[in-house]
Amino acid sequence: MAEADVQELNECFRTGDKPLDHNVLVELQNIMALHSLTPQDLFFKWESYCIKMDLDDMNLSVDTLAALKQNLLDELERSNRAQQVHIKTEKRAGATPRAAANNGGDVFGMLEGMVPSTPGSAKLNRSAVKKRNAHETPSMSRIKKEAPGSSPDNRSPLRLENQLQSMNAVPALNFNDRQNPGELIEILNEQLKPAEPPVAPFGEPRIKLTAASDQKKLAYKTLAMKSSEASEILDDRIDEFMVLVKDHHNIDEDEFGSAVSQSTTEIVAVGRIASDSSEGRLNDASLVLETSRRTGNGKRVPLKLDKLKGRYQFFPGQIVALRGINSSGQEFLIHEVLDIPLLHSAASKPDAIEGHRERLRGGPDAMDSDDEPMPLNLIFGSGPYSADDNLDFEPLHALCSQAADTYADALILTGPFIDINHPLIATGDFDLPDEATNEPDKATMSTVFKYMISPALNRLAASNPHITILLVPSVRDIIAKHVSWPQEPFPRKELGLPKTARIIGNPMALSINEMVLGISSQDVLWDLRSEELVGSQPVTSNLMSRISRYLIEQRHYFPIFPPVDRAKLPKVGTEDGIPTGAAFDTSYLKLGEMVNVRPDLLIVPSALPPFARVVESVLVINPGYLSKRRGAGTYARMALYPPKLTDEEISNGVNVGHKVFERARVEITRI
């Protein structure tokens, strides 16, 4: 067994510091040999398999690897069979299609729901046709009246699954039958005790919010991008990083040069990583450096990585500083990849930190002045909030119940709230609650939000009046008129939200007491994982830490450019299965930048497995999706203990780092 492979497999697959079992290593190497895969490629296959099968438990075993091996063999067999069928189909291209005609099917797609077997002929909401147990979570869907036997609405479960499959939806598991609710998947800073809920709600809010980025700038006009403006923004970003690199490394102006110009002198070149191919993943052969118009007339030059000896990690859109030489005029040979300077860590004056610490007491009569203030209790959830076969929003109701029972200080939710890619939303084939059907002709998607989502938030606010509720929109939110990222808040009018709920931009930086929070609902981690090019000895070996560090290093919530092709993103329940992409507006790229300082806490929801990591003194959390297509998902809970200042720090009066990563206990939990 090659030592290099064993080391790389351990870096990719192990959890914690415990090395992989010998039998597991042998099985992994067998799969690599069978399918000619590298350890990194095998890890991507394993991740895709877990996401496909909704496996939250990522622990490796011989049995799970056997299932993975069988799945890979099945995919290979299906691919070979499809190629054979394609060859046969070409020989009889004029034949009449018959498969869809079975059972009265719509052969040419012309009937549009006029026969029972077509998707448009019946409602797809499974919750509308099943009887509920008295102890189940209350449903927001209206119960349909019994339909006669000949009605398309009187369907068997098999018929319903066929309908869902025709729309690329997947049958979901009943939320009340979910496995291991409340199970802790991952804990960061386990040495800190879990936060104990207070006996009663605090008399005053324990959180003070302060905006750290200008939300008004997000209200730009969408779909009005000019190519000249976009190119200037892209050029400016390269030039700005060039100044940062120059000051950080104390490089003379004369040492900088154009990577595209032939020269026998070693230079430092700053530019953007790109691919010379519009298709396929970034690789060694397609890797190029794109210059700005000021430094290289906007030209591109191929990059040679031989001197780096596998110690590199790149992705499209990454701004890099490279030391090397272009002696032939045809390619730039990299000698060294220079570090990009990071933003400073967030810090505050001692008196401001003491003020925030005092606020944690929850009022003058809440607790004795000598007692240690209770830690902040923060809960993070990310949409979607309902499985493919219903719009009951049961996971959201359960999360709000958790926040109410533990008297959480803040509930921070990222969209999509009403997902435009949900099968029932995509077809418009669902029922409104009874109380919303007084004027059905005037109902909008705001009505759906008001009667299906807002009630859970209103009940939470009623049980805990001083809770702070933050809502972050998504480009997949059907109620959002602003369809591009960066994205302004959606209007709260007609949504029926409680007064404690605030809608913020996407992305957004704000302070919760002394802690600086950066948050974006766009799944940038999936894009980075899909498009990055990693050498055999990357600077950061752990995948989740590496792709999280890209955001911090590049000072941006969405540094990848161009965004990943939508066809490569995780499938959704719409008819074509292709999700809404980033809808990236390049002209307003600067609105996605991190402002002034590194955030103490970075929330980046993703379809990748949930995690909590400390990266460059930043606490990075992917809470996972609260609801997956087939059932319940995960959320994150954080107990943030009060800051403690030394007498020296108080007397000096200089800014003190927040060090949130040291005093925050994070739990990734199944809903």
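What you see is a predicted model, and the numbers here were worked out from it, not measured in a lab.

Conventions we followed
- As a convention, each chain's residues are numbered from 1 in the sequence order in which they are written.
- In view of the model being predicted, local features appear only for residues whose pLDDT reaches at least 70, and side-chain atom pairs are presented and counted only at 80 or more, with totals across whole chains, interfaces and linings using the full set of residues.
- Processing note: side-chain calculations cover all non-hydrogen atoms of the structure and skip hydrogens and water entirely.
- We count a stretch as a helix when DSSP gives it H or I for four or more residues in a row; a strand needs E for two or more, and each element gets its number in order from the N terminus.
- Each residue is assigned to one of three classes by its accessible area relative to the maximum for its type, calculated with a 1.4 Å probe on protein chains only: buried under 20%, partly exposed between the two thresholds, exposed over 50%.
- The Shrake-Rupley method, run with a 1.4 Å probe, gives the accessible areas here. Residue values count only the displayed protein chains as cover.
- Given a helix with a known number of residues, its expected span is that number minus one, times 1.5 Å.
- Contact definition: two residues touch when any of their heavy atoms are within 4.5 Å.
- Each polar contact in these results corresponds to two N or O atoms within 3.5 Å; when the atoms are within protein, one needs to be able to donate a hydrogen and the other to accept it, and residues that are neighboring in sequence are counted only if both atoms are side-chain atoms.
- The pairing criterion for strands is at least two bridges between them, as found by DSSP.
- For helices, the fitted line uses only the C-alpha atoms of the stretch in contact; every axis is such a line through C-alpha atoms, and the angle between N-to-C directions lies from 0 to 180 degrees.
- Grouping buried Ala, Val, Leu, Ile, Met, Phe, Trp, Tyr and Cys residues that are joined through side-chain atoms within 4.5 Å yields what is termed a nonpolar core.
- Salt bridge, as used here: a side-chain nitrogen of Lys or Arg that lies within 4 Å of a carboxyl oxygen of Asp or Glu.
- Just so you know, the count uses Lys and Arg for positive and Asp and Glu for negative, and it drops His and the chain ends.

**Considering the overall build of the chain**
- The helix and strand inventory of the chain stands at 16 helices and 24 strands.
- Looking at the chain as a whole, 51% of its 671 residues qualify as buried.
- Carbon and sulfur atoms form 48% of the exposed surface of the chain, whose accessible area is close to 31,800 Å².

**A look at helix 9 (residues 394–405)**
- Between its terminal C-alpha atoms helix 9 stretches 16 Å, which fits the 16 Å expected from 12 residues at 1.5 Å a residue.
- Taken across its 12 residues, helix 9 has 9 buried, putting it largely inside the fold.
- Just downstream of helix 9, Tyr 407 is the residue with a positive phi angle, here 50 degrees.

**Considerations on the environment of Asn 458**
- Mapped onto the fold, Asn 458 is located in helix 12 (residues 454–463).
- For Asn 458, a relative accessible area of 30% puts it in the partly exposed group.
- Separated by 42 residues in sequence, Asn 458 and Thr 500 have C-alpha atoms that sit 9.1 Å apart.
- In this view, Asn 458 contacts Gly 496, Leu 497 and Pro 498; residues no more than four positions away in its chain are not counted.

**Some remarks on helix 2 (residues 22–35)**
- For helix 2, which comprises 14 residues, the first-to-last C-alpha distance of 20 Å matches the rise-based estimate of 20 Å (1.5 Å per residue) to within 8%.
- Along helix 2, the residues that are buried comprise Val 24, Leu 25, Glu 27, Leu 28, Gln 29, Ile 31 and Met 32.
- Near the N-terminus of helix 2, the side chain that reaches the backbone nitrogen of Asn 23, with its oxygen 3.0 Å away, is that of Asp 21.
- One or two steps after helix 2, the chain reaches Ser 36, where phi turns positive at roughly 55 degrees.

**So, the sheet that holds strand 16 (residues 515–519)**
- Sheet architecture is open: 6 strands sit in the order 2-15-16-19-21-20, paired in mixed fashion. Edge positions in the sheet fall to strand 2 (209–211) and strand 20 (611–615), since each of these pairs with one other strand and no more. For this sheet the average axis-to-axis angle between neighbouring strands, irrespective of direction, equals 25 degrees.
- Relative to strand 16, strand 15 (residues 508–512) runs antiparallel, the two sharing 5 bridges. Paired with Ser 511 across the strands is Val 516, a residue of strand 16.
- Across the sheet, helix 14 (residues 543–554) is in contact with strand 19 (601–603), strand 20 and strand 21 (618–622); its angle to strand 20 comes to roughly 55 degrees.

**Some words on the nonpolar core**
- Counting 55 residues, the largest nonpolar core has Phe 13, Leu 28 and Leu 42 as its most contacted members.
- With sequence-adjacent residues up to four places away left out, Leu 42 is seen in contact with Leu 9, Phe 13, Leu 28, Ile 31, Met 32, Leu 37 and Leu 68.
- Core analysis: the next-biggest nonpolar cluster, separate from the first, contains 41 residues, Val 448, Ile 467, Ile 479 and Phe 490 among them.

**Some words on the environment of Leu 282**
- Within the fold, Leu 282 resides in the loop between strand 3 (267–275) and strand 4 (287–290).
- Among the residues examined, Leu 282 registers a relative accessible area of 5% and is labelled buried.
- Between the C-alpha atoms of Leu 282 and Val 534, which are 252 residues apart in sequence, the distance is 9.8 Å.
- In contact with Leu 282, not counting residues within four places along its chain, are Ile 273, Ala 274, Ser 275, Leu 287, Phe 314, Phe 315, Pro 316, Glu 531 and Leu 533.

**Considerations on the sheet that holds strand 14 (residues 501–503)**
- Pairing is mixed across the open sheet formed by 7 strands, whose spatial order is 1-24-22-11-12-13-14. In this open sheet, the two strands that pair with only one neighbour each are strand 1 (184–188) and strand 14. Averaged over neighbouring strand pairs, the angle between their axes works out to 15 degrees when direction is ignored.
- Of the pairings in the sheet, the one linking strand 1 to strand 24 (residues 664–670) comprises 4 bridges and is antiparallel in character.

**Some thoughts on the pattern of salt bridges**
- Scanning all chains against the criterion turns up 24 salt bridges.
- Taking the shortest distance from any N to any O, the salt bridge between Lys 590 and Glu 240 comes out at 3.4 Å. A residue pair is termed long-range when its members are at least 10 positions apart, and Lys 590 in the loop between helix 14 and strand 18 (597–598) and Glu 240 in helix 6 (residues 227–249) qualify at 350 residues.
- Residue Lys 590 is classed as partly exposed on the basis of its relative accessible area of 41%.
- With a relative accessible area of 33%, Glu 240 lands in the partly exposed category.
- When salt bridges with common partners are traced through the structure, they connect Arg 237, Glu 240, Lys 590 and Glu 593 into a single cluster.

**Considerations on the side chain of Arg 637**
- Along the chain, Arg 637 falls in strand 22 (residues 634–640).
- Although Arg 637 is buried, it makes no salt bridge; Glu 667 carries the closest opposite charge, 4.6 Å away.
- At 3.4 Å, the side chain of Arg 637 and the side chain of Thr 406 are in polar contact.
- What Arg 637 contacts, discounting residues up to four positions off in sequence, is Asn 377, Leu 378, Ile 379, Gln 402, Thr 406, Arg 665, Val 666 and Glu 667.

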